[in-house]
Amino acid sequence: MRVGITGGAGFIAGHIIEDLIARGHSVIVFDHLGRVDREIIANADPEGRDYITRMLGTVTDERAVFELAAHVDGIIHLAAVLGTQETIQCPKPSAETNILGSLNVFEAASHYQLPVVYAGVGNHWMRNHGTGSYTISKTAAEDFARMHNAYRDGRITIVRPVNAYGPRQSVAAPYGTSKVRKIMPAFICRALTGAPIEVYGDGTQVSDCVYVTDVARTFTTALEQTAEHGPTKTPVDCGPIKSATVLDVARLVAGIVSVKTGRAPVKIEHLPMRPGEVPNAVVKADTRTLEQIGLSAENFVDLETGISHTVDWFTTHWLPSYQTAA
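Conventions used here
Residues numbered from 1 in each chain as written. Predicted model: local features only at pLDDT ≥ 70, side-chain atom pairs only at ≥ 80, totals over all residues. Heavy atoms only, no water. Helix = DSSP H or I, 4+ residues; strand = E, 2+ residues; numbered from the N terminus. Expected span 1.5 Å × (residues − 1). Buried < 20%, exposed > 50% of the residue type's maximum accessible area, 1.4 Å probe, protein only. Contact = heavy atoms within 4.5 Å. Axes fitted to C-alpha atoms, helices over the stretch in contact; angles between N-to-C directions. Parallel < 35°, antiparallel > 145°, perpendicular 65-115°, else oblique. Left-handed = near helix turned anticlockwise from the far one by under 90°. Nonpolar A, V, L, I, M, F, W, Y, C, P; charged D, E, K, R; others polar. Core = buried A, V, L, I, M, F, W, Y, C linked by side-chain atoms within 4.5 Å.

End to end, helix α5 (residues 133–151) covers 27 Å across 19 residues, agreeing with the expected 27 Å (1.5 Å per residue, within 8%). Among all positions of α5, only Ser 133, Tyr 134, Thr 135, Ser 137, Lys 138, Thr 139, Ala 140, Ala 141, Glu 142, Ala 145 and His 148 are buried. Buried residues along α5 sit against α4 (92–112), β5 (116–119) and β6 (156–161). A positive phi of about 55° marks Asp 153, the residue just after α5.

Our next topic: the environment of Gly 122. Relative to the helices and strands, Gly 122 is located in the loop between β5 and α5. Distance from Gly 122 to Ala 164, taken between C-alpha atoms, is 10 Å for residues 42 residues apart in sequence. Gly 122 has contacts with Arg 160, Pro 161, Val 162 and Val 283, leaving out every residue within four places of it along the chain.

The next subject is the packing of helix α6 (residues 183–192) against helix α8 (residues 246–261). Between α6 and α8, the least distance of the axes is 9 Å, while the angle of their chain directions is 40°. Classed by the angle they form, the pair α6 and α8 counts as oblique. For the element pair α6 and α8, the recorded crossing hand is right-handed. Mapping the contact onto sequence places Ile 183, Met 184, Phe 187, Ile 188, Ala 191 and Leu 192 in α6 and Val 246, Val 249, Ala 250, Val 253, Val 257 and Thr 261 in α8. Here the residues of the contact of α6 with α8 are counted per class, giving 11 nonpolar, 1 polar and no charged.

Our next topic: the nonpolar core. Counting 37 residues, the largest nonpolar core has Ile 5, Ile 16, Ile 17, Ile 76, Leu 78 and Phe 219 as its most contacted members. Broken down by secondary-structure element, the contributors of at least two residues to this core are β1 (2–6), α1 (11–22), β2 (26–31), α2 (38–44), β5, α7 (212–229) and β11 (236–238). With sequence-adjacent residues up to four places away left out, Ile 16 is seen in contact with Ile 5, Ile 76, Leu 78, Ala 216, Phe 219 and Thr 220. Judged by nonpolar contacts, the second largest core, of 31 residues, contains Cys 209, Ile 307, Trp 313 and Leu 319.

Below, the discussion takes up unusual backbone geometry. The step from Ala 173 to Pro 174 runs through a cis peptide bond, and the omega angle for that step is 5°. Checked against the element boundaries, Pro 174 lands in the loop between β7 (163–165) and α6. We note that Arg 168 has phi near 80°; this positive angle belongs to a residue other than glycine. Residue placement: Arg 168 occurs in the loop between β7 and α6.

Put into C-alpha cells, the structure is as follows:
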C-alpha cells in the first residue's frame, strides 16, 4: 500500500514509517513541518529508493486532507495537539485539530473508501474526571469514528496506545524544546545529568508504558487488517502485559542509569499533582483487544529492556549535544 501518515514528522510516526517500509509499503508524510528525521530515512530507506514522500499540510485544511486521500491506499491518523495539563488553559487549538481535523480525515477517507487507523488515547476514561482538552477532544473524535463506521460505511480502526517511549522521543524544558512533558524522557534526562527524578503525586498511579516499536507494529498491523477485513469491533489497546506505577518507572530509570554510568542512583522527589491529572489513576491497556489484529502483548518489549535501549539512545544522541550547549 501507499500509506498517508498525518502528523508524520512526530515521534511515533517515525517508527511507523520504518515498520511500513520494512513490510514493503511506501509512505506519504503529511505534516505542517514538512520534514522527516534523517535517522528515520537512514533506517527505513538507506538505498534512497524514494519510499518516503513529503506533503506539507495540516489536518485542519480540508482540501489538503482530501488531496492526501486521493493519493494513498490507507491513512494512519496521528496528527493532534498533545498535552493533558498543557491544553487546559488553551483548549481551542486541541479542539480544532483533534476534532475538526479528525473529521476532515474521516470524511476524506469515506469519500475514497480508504481504511484508516486513528490514534486514540489510553486514558480515554479520564474525560469523566475533569481532565484536559486533549483527552476530551481525542475521545470525541473516537465517537465520530464510530459514527462513520456505523452509518457511513467507514473503515476506521481505533488504536489506543498508552505512554509510548523509546529512541528519538522529544524532550521538554529544561532539557529540550518540546512543549509537552513525557514521562520517560523527563526521567531519563534528569537521571543522566545527575538531577533528582521528579514524580507528580505519591507515584502510586499506574501509567503503563509501551516501547515505541511495539506501538508502530500495532498501527501497521491494524491498517493491514482493516484494509483486508474492515475495522475491528472494539478499539485496540496497545500496552504491556505487566503494569507499573510511576514510582516503579522512576526507580527503574534511576537504577539502569546508575549501572550504565557507574554513579549512585539519583534521588526521587515528589511534586504536587498537575491540573488535569487524576490521583491514583490507572492508565492500563486491555491487551486482550490486540487479538483482533492477531497480536499479543506477550511478545512486546518488556519495560526494563525498553528503558535500557532508550537510555542508550539518549546517552549517545541527546547527552553530548546537551552537555555542549550547557
